[in-house]
Amino acid sequence: NGSDPSPSSFILASIPGLEAAHFWMAIFLCSLYIVAVTGNCAVLFIVKTEPSLHAPMYFFLCMLAAIDLALSTSTVPRVLSFYWFNTREISFGACLVQMFLIHSLSAIESSVLLAMAVDRYVAICHPLRHASILTNAATAKIGLVAMARGVLFFLPLPLLLLPLPFCRSRELSHSFCLHQDVMNLACANTTPSVVYGLIAILLVMGLDSVLICLSYILILKAVLRLASWKERLKVFSTCVAHICVVLAFYVPLIGLSVVHRFGKDLAPLVHITMGNVYILVPTVVNPIIYGVRTKQIQRRILNLI
């Protein structure tokens, strides 16, 4: 079989037997990408131009929209090029850069979702202190910390793969580059990369998900202390959009992790579909969820239309 100490490129995954349908699959993905770009750009524009939305929760929403734009743009155009023009090869350097962007941006998004959960906790459990705790300066610092956290935790992933020799078989199981997918092609001991990848996931996404759950347990306890069910529903309804966005992010992430861990014998279609769901679902549904749940955004969109 042999190995290549410095592979020039990797081969993106194709679905066997469905090559003739690539054009229509690309049309569908392109439509989703247009919806994602349009929706997230609309959120950014509306929050910027609507003074009533200049609050921490909507600043965090802007961060989320910017992350979703960067995440979809770093992957979908390359996938469309593959489906439309059959350019299956991606250079080794471009693959590592794309891998770093996907994982670091996902980590930043996880941190922002945690910050939004804390914002909901403070707004519901300590409403009188909300303005003094989550100021504009504090919101900006949280955004910078989230960015630094994502970059520092996931920058070592491509660096750990650089010195490894790779097998002659360079075909990936997705239409873009993910750490575990690239690592599985290495013809060397990948224990350091496996261990560090697991630690990074647990200390970022794992810890964030636990803290988000803890925030909502405290929110639920505070809501249940209210006198009437009407007040409870009114207060908790302010969290519905955030809960939906959290589920849209973590459910595909967990599903993709399960497929990588236990689905080695599954059909290629399953791997490719789960990868595309992980990349596209949050970027598409996030602006839709907040557009439906936020009256100010609804009114502004209707005015624009």
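From a predicted model like this one, the values you see are computed outputs, not experimental measurements. (Residues numbered from 1 in each chain as written. Predicted model: local features only at pLDDT ≥ 70, side-chain atom pairs only at ≥ 80, totals over all residues. Heavy atoms only, no water.)

1. A short note on the overall build of the protein chain
Regarding its fold elements, the protein chain presents 13 helices and four strands. For a compact globule of 305 residues, the expected C-alpha radius of gyration is about 19 Å, and the protein chain comes in at 21 Å, within 12% of that figure. Dimensions of the protein chain along its principal axes, counting C-alpha atoms only, are 70 × 45 × 35 Å. Burial analysis of the protein chain (305 residues in total) assigns 46% to the buried set. Counted over contacts in the protein chain with a minimum sequence separation of 6, partners at least 24 positions apart contribute 80%. For the protein chain, the accessible surface area stands at approximately 15000 Å², while carbon and sulfur atoms represent 71% of it. (Helix = DSSP H or I, 4+ residues; strand = E, 2+ residues; numbered from the N terminus. Rg over C-alpha atoms; globule rule 2.2 N^0.38 Å. Buried < 20%, exposed > 50% of the residue type's maximum accessible area, 1.4 Å probe, protein only. Contact = heavy atoms within 4.5 Å. Areas by Shrake-Rupley, 256 points an atom, 1.4 Å probe, with all protein chains shown as cover.)

2. Quick word on the packing of helix α2 (residues 56-73) against helix α6 (residues 136-154)
Each pair of packed helices can be summarised by the angle the axes make with each other and by the distance between the axes. Relative to each other, α2 and α6 sit at 25 degrees, their axes nearing to 10 Å. Taken together, the axes of α2 and α6 lie roughly parallel to each other. The way α2 lies across α6 gives a crossing that is right-handed. Seen from α2, the contacting residues are P56, F59, F60 and M63; seen from α6, they are N136, T139, I142 and G143. Classifying every residue of the contact of α2 with α6 by side-chain character gives five nonpolar, three polar and no charged. (Axes fitted to C-alpha atoms, helices over the stretch in contact; angles between N-to-C directions. Parallel < 35°, antiparallel > 145°, perpendicular 65-115°, else oblique. Left-handed = near helix turned anticlockwise from the far one by under 90°. Nonpolar A, V, L, I, M, F, W, Y, C, P; charged D, E, K, R; others polar.)

3. Notes on the pattern of salt bridges
Under the criterion given, the structure shown has three salt bridges. With a shortest N-O distance of 3.0 Å, D119 and R120 are connected by a salt bridge. The class of D119 is buried, set by a relative accessible area of 0%. The class for R120 is buried, based on a relative accessible area of 12%. With a shortest N-O distance of 3.0 Å, R149 and D208 are connected by a salt bridge. Separated by 59 residues along the polypeptide, R149 in helix α6 and D208 in helix α9 (residues 191-224) bring together distant segments of the chain. Accessibility expressed as a relative area gives 19% for R149, which makes it buried. Exposure remark for D208: the relative accessible area of 0% places this residue in the buried category. (Salt bridge = Lys/Arg side-chain N within 4 Å of Asp/Glu carboxyl O.)

4. Quick notes on the UniProt feature "transmembrane region" (unreviewed entry) in the protein chain
Mapped onto this structure's residue numbering, the UniProt feature "transmembrane region" (unreviewed entry) falls at residues 20-46, 58-80, 100-122, 142-166, 194-219, 240-263 and 269-292. Across residues 100-122 one finds 100% helix and 0% strand; the C-alpha atoms that close the span lie 33 Å apart. Split by type, residues 194-219 is 100% helix and 0% strand. Its first and last C-alpha atoms lie 36 Å apart. (UniProt positions renumbered as here; feature names shortened; annotations may be inferred.)

5. Some points on the state of the cysteines
What makes a disulfide is a covalent bond joining the sulfur atoms belonging to two cysteines. Using the criterion set out here, one finds one disulfide in the structure. Paired by a disulfide, C95 and C177 hold their sulfur atoms 2.0 Å apart. The sign of the S-S torsion, about -120 degrees, decides the handedness of the disulfide formed by C95 and C177: left-handed. Of this pair, C95 sits in helix α4 (residues 92-125) while C177 sits in the loop between β4 (166-167) and α8 (179-183), and the two are 82 residues apart along the sequence. According to the relative accessible area criterion, C95 is buried, its value standing at 0%. Here C41 is not cross-linked by a disulfide; its sulfur's nearest cysteine counterpart is in C62, at 11 Å. (Disulfide = S-S within 2.5 Å.)

6. Regarding α2
Here α2 spans 26 Å end to end across 18 residues, near enough to the 26 Å set by a 1.5 Å rise per residue. Of all 18 residues in α2, 13 are buried; the element is thus mostly enclosed. (Expected span 1.5 Å × (residues − 1).)

7. Concerning the nonpolar core
With 79 residues, the main nonpolar core has F10 and L113 as its most contacted residues. In terms of residues, this core owes the most to one element, α4, which gives 15 residues. Once residues within four sequence positions are removed from consideration, L113 is found in contact with L64, I212, H242, V245, V246, F249 and Y250. (Core = buried A, V, L, I, M, F, W, Y, C linked by side-chain atoms within 4.5 Å.)

8. Focus on a nonpolar patch on the surface
A contiguous nonpolar patch, built from F23, W24, I27, W84 and F85 and spanning about 590 Å² of accessible area, is present on the exposed surface. Contributions of two or more residues to the nonpolar patch are made by α1 (22-49) and α3 (76-85). Here the nonpolar patch gets three residues from one element, more than from any other, and that element is α1. Tracing the backbone shows W24 in helix α1. (Patch = residues over 30% accessible without salt bridge, like charges linked within 9 Å, V, L, I, M, F, W, Y side chains within 5 Å.)

9. With respect to the side chain of R232
The topology assignment puts R232 in helix α10 (residues 229-236). Of note is the side chain of R232, whose polar atom sits 3.1 Å from the backbone oxygen of L226. Beyond its immediate stretch of four places on either side in the chain, R232 contacts V223, L224, L226 and A227. (Polar contact = N/O pair within 3.5 Å; in protein donor to acceptor, adjacent residues only side chain to side chain.)

10. Let's talk about the environment of G150
Note on placement: G150 falls in helix α6. Residue G150 is classed as buried on the basis of its relative accessible area of 0%. For the pair G150 and N276, spaced 126 residues apart in sequence, the C-alpha to C-alpha distance is 21 Å. Setting aside residues up to four positions removed in sequence, G150 forms contacts with S104, A107 and I108.

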